[in-house]
Amino acid sequence: QVQLVESGGGLVQAGGSLRLSCAVSKLTFSVNVMGWFRQAPGKEREFVAALTWIGGSTYYADSVKGRFTISGDNAKSTVALQMNSLKPEDTAVYFCAARRFGASLSSDSKAYNYWGQGTQVTVSS
């Protein structure tokens, strides 16, 4: 069973930066794709970014393209989300997710098999 643990959330002013990290433990089998999703109060969970472990291909939601960067360290089994130029509308609980079955980058939360507990990001105006 894959376990994902996020860290790095917090409170930041608009225009600031935060770096989220996701530690992937008990990697007893291959995880092909890692993703970040977020959920704001009263809204559905939405895709933020995804990364393939092999090759390092990335995919971003239009709302974060150019501001957020997803990266992975295969040796350390960690995935990071560097968030710059943060806006109040980025406020949400951010979740790390792992996709075991299928190797394509996906923005569909149903494609991901394992989820972390989430970390709160609050951007003040």
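For the structure, check the block above.
Rules and cut-offs
- Residues numbered from 1 in each chain as written.
- Predicted model: local features only at pLDDT ≥ 70, side-chain atom pairs only at ≥ 80, totals over all residues.
- Heavy atoms only, no water.
- Helix = DSSP H or I, 4+ residues; strand = E, 2+ residues; numbered from the N terminus.
- Contact = heavy atoms within 4.5 Å.
- Polar contact = N/O pair within 3.5 Å; in protein donor to acceptor, adjacent residues only side chain to side chain.
- Core = buried A, V, L, I, M, F, W, Y, C linked by side-chain atoms within 4.5 Å.
- Buried < 20%, exposed > 50% of the residue type's maximum accessible area, 1.4 Å probe, protein only.
- Disulfide = S-S within 2.5 Å.
- Pairing = 2+ DSSP bridges.

A few words now on the environment of Tyr-94. If you trace the backbone, Tyr-94 turns up in strand S9 (residues 92–99). For Tyr-94 and Lys-43, which are 51 residues apart along the polypeptide, the C-alpha to C-alpha distance reads 13 Å. Ignoring anything within four residues of it in the chain, the contact list for Tyr-94 reads Glu-6, Leu-20, Trp-36, Phe-37, Arg-38, Val-48, Phe-68, Leu-81, Met-83, Gly-118, Thr-119 and Val-121. Within the structure, the side chain of Tyr-94 is placed 2.9 Å from the side chain of Arg-38, a separation counted as a polar contact.

Moving on to the nonpolar core. If you look at the biggest cluster of nonpolar residues, it comprises 38 residues, and the most contacted ones within it are Leu-4, Met-34, Trp-36, Leu-81, Met-83 and Tyr-94. When contributions to this core are tallied by element, the ones reaching two or more residues are strand S3 (18–25), strand S4 (33–39), strand S5 (46–52), strand S7 (68–73), strand S8 (78–83), S9 and strand S11 (119–124).

Take the state of the cysteines next. With the rule as written, the count across this model stands at one disulfide. The partner cysteine of Cys-22 in its disulfide is Cys-96, sulfur to sulfur 2.1 Å. Where Cys-22 bonds to Cys-96 through sulfur, the torsion about that S-S bond is close to -80 degrees, and the disulfide is left-handed. Of this pair, Cys-22 sits in strand S3 while Cys-96 sits in strand S9, placing them 74 residues apart in sequence. The exposure class assigned to Cys-22 is buried, which follows from its relative accessible area of 0%. Residue Cys-96 is classed as buried on the basis of its relative accessible area, which comes to 0%.

We now examine the pairing of S3. Residues Leu-18, Leu-20, Cys-22 and Val-24 of S3 are buried on one face, while the alternating residues Arg-19, Ser-21, Ala-23 and Ser-25, pointing to the opposite face, are not. In this sheet, S3 lies alongside strand S1 (residues 3–7) in antiparallel orientation, the contact comprising five bridges. Looking at S3, one finds that Val-5 is bridged to Ala-23. For S3 and S8, the ladder comprises six bridges, and the chain directions are antiparallel. In the sheet register, Arg-19 faces S8, and the bridge partner there is Gln-82.

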